[in-house]
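# Residue-level structural notes
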Amino acid sequence: MAQHGLDAPRPMEGHGAYNRSSSVQAAGLLPAVALLEAAAAELRLPSPPQALVVADYGAATGHNSLLPLSAALAALRRRIGRERPVWVVHTDLPDNDFSSLFATLEHDPERYALDDPMVYWSAVGRSFYEQILPSASVALGWSSWAVQWLSRVPALIPDHVQVADSRDEGTRGAFARQAGEDWLAFLAARSRELVPDGRLVVVTMATADDGAFGYRPLLAAIEGGLKALVGDGTVSADEVLRMVIPTVGRSRADFSRPFAGSGGHEGLALDGLDIYEAEDRIFAGYRTDGDAAAFGARWSAFSRASVFPTLAAALGGADSAARSLRFMDRLEAEVAARLATAPEAMRIPLARMTIRKVA
């Protein structure tokens, strides 16, 4: 979830690219699935005829939602049987690749409604930094690898594409303030949507307790690749200056701060927060097969699917679509080659938490 160029939505590469290159996200969310199952088993269910609504905030193209939502639906079915309908709502920004999302929900062999005709799904194209669904309508919410995207770019970064590696204190402060405002806005919107005793499970990028954001070799490869593209004339230095990855890794204190008062925040309580480091399964594959080129290619494909379209949005010109494609092709090759020269594991700090609407 992000805004680019100060107020334009984050683009996403279409045709299912995110599904094909999101193994890092899939591995990282696994430790949070147990939290979602527990939330489904423990929340106080709304009484019929009120609909039983499960919301997926920041669904992207859907594949990484299938496992956690399947687990949550199984836990709910153990409580309500198979006759009561459940409505699953997937949300993301309006420019999300919804065609791939719908195809995943309809055709993926791991789809959650495979043998459950009483599960109904739909999608909404709207930022989760505002209210998306009716007040007091959502019993269970899930958000994975999404809240790290800021609602807007608060400033250009003078010395990097990612603020975590910037040495400019003013820029870092602007991003920290935006991250704080966005977290409050996200929580306020979810508070309005959740039913009393409803639960929300969030897994998102974080800053480790030692202050590390992670991904350092990857970010260095992206920065080096962009300099190479400036050198060969693919992009200009001014265009690179406008390129920003508007993601943040909030700290344990950042996540907890809104809940510090005795009354919680917006009628919400933080029932648990864990900062952990996900396994780099791409590096684990390299340790098994020794294929450095494959290691570089897989991490570069991850970057292309998740952040290169955001960088490409800074490009101009009459043939902007074709130019963006050439830019992403070139940057993908540059990043892959750099990572292949010296493969090393990425640190992947994440946070998982359960938030409850106080009844």
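You'll find the structure just up there.
Computed from a predicted model, the values in this text were never measured in an experiment. (Residues numbered from 1 in each chain as written. Predicted model: local features only at pLDDT ≥ 70, side-chain atom pairs only at ≥ 80, totals over all residues. Heavy atoms only, no water.)

## Re the pattern of salt bridges
A full pass over the atoms with the stated rule returns 18 salt bridges. We note a salt bridge from E279 to R281, for which the minimum N-O separation is 3.6 Å. On the basis of relative accessible area, R281 is assigned to the partly exposed category, the value being 43%. A salt bridge links R338 to E334, with the shortest nitrogen-to-oxygen separation between them at 2.3 Å. Here E334 and R338 lie together in helix α12 (residues 320-341), a separation of four residues that amounts to about one turn. Note on E334: relative accessible area 17%, which makes it buried. (Salt bridge = Lys/Arg side-chain N within 4 Å of Asp/Glu carboxyl O. Buried < 20%, exposed > 50% of the residue type's maximum accessible area, 1.4 Å probe, protein only. Helix = DSSP H or I, 4+ residues; strand = E, 2+ residues; numbered from the N terminus.)

## Describing helix α6 (residues 216-231)
The end-to-end C-alpha separation of α6 is 23 Å, in line with the 22 Å expected for 16 residues at 1.5 Å each. Turning to α6, its buried residues are L218, L219, A221, I222, E223, G224, G225, L226 and L229. Tucked inside the fold, the buried residues of α6 contact α7 (237-241), α10 (292-306), α11 (308-312) and α12. Phi turns positive one or two residues past the end of α6, at G233, with a value near 85 degrees. (Expected span 1.5 Å × (residues − 1). Contact = heavy atoms within 4.5 Å.)

## Quick word on the sheet that holds strand β7 (residues 194-205)
Strands pair in a sheet through their backbones, by hydrogen bonds, and they do so in one of two ways: parallel or antiparallel. Taking strand neighbours across the sheet as the criterion, the seven strands line up as β5-β4-β3-β6-β7-β9-β8 in an open arrangement whose pairing is mixed. The open sheet is flanked by β5 (119-125) and β8 (268-277), the only strands paired with a single partner. Across the sheet, the axes of successive neighbouring strands diverge by a mean angle of 15 degrees, strand direction being ignored. Two elements, β8 and strand β9 (residues 349-357), share nine bridges in a ladder whose sense is antiparallel. Within β9, the residue paired with D274 across the bridge is R352. Across the face of the sheet, helix α3 (residues 63-80) comes into contact with β3 (52-57), β4 (86-92), β5 and β6 (138-144) while running at roughly 155 degrees to β4. Strands β4 and β5 of the sheet are contacted by helix α4 (residues 98-107), whose axis makes an angle of about 170 degrees with β5. (Pairing = 2+ DSSP bridges. Axes fitted to C-alpha atoms, helices over the stretch in contact; angles between N-to-C directions.)

## Structural notes on the packing of aromatic side chains
Under the criterion given, the structure shown has twelve aromatic pairs. Between W183 and F255, the ring centres sit 5.4 Å apart and the planes meet at 80 degrees, which makes this aromatic pair edge-to-face. Placement of W183 in helix α5 (residues 169-193) and of F255 in helix α8 (residues 252-256) is noted, with a sequence separation of 72 residues between them. Their ring planes at 55 degrees and their centres at 5.5 Å tell us that F213 and Y215 sit as a pair that is tilted. One exposure class covers both F213 and Y215, and it is buried. Every member of this aromatic cluster is reached through a ring pair, and the members are Y57, F128, Y129, W183, F186 and F255. Over the ring of Y57 we find R190, and its NZ or CZ is 4.3 Å from the ring centre. Over the face of the ring belonging to F186 we find R190, whose NZ or CZ atom lies 5.0 Å from the ring centre. (Phe/Tyr/Trp six-rings, centres within 6.5 Å; stacked < 30°, edge-to-face > 60°. Lys NZ or Arg CZ within 6 Å of the ring centre and 35° of its normal.)

That's the geometry; what it means functionally is another story.
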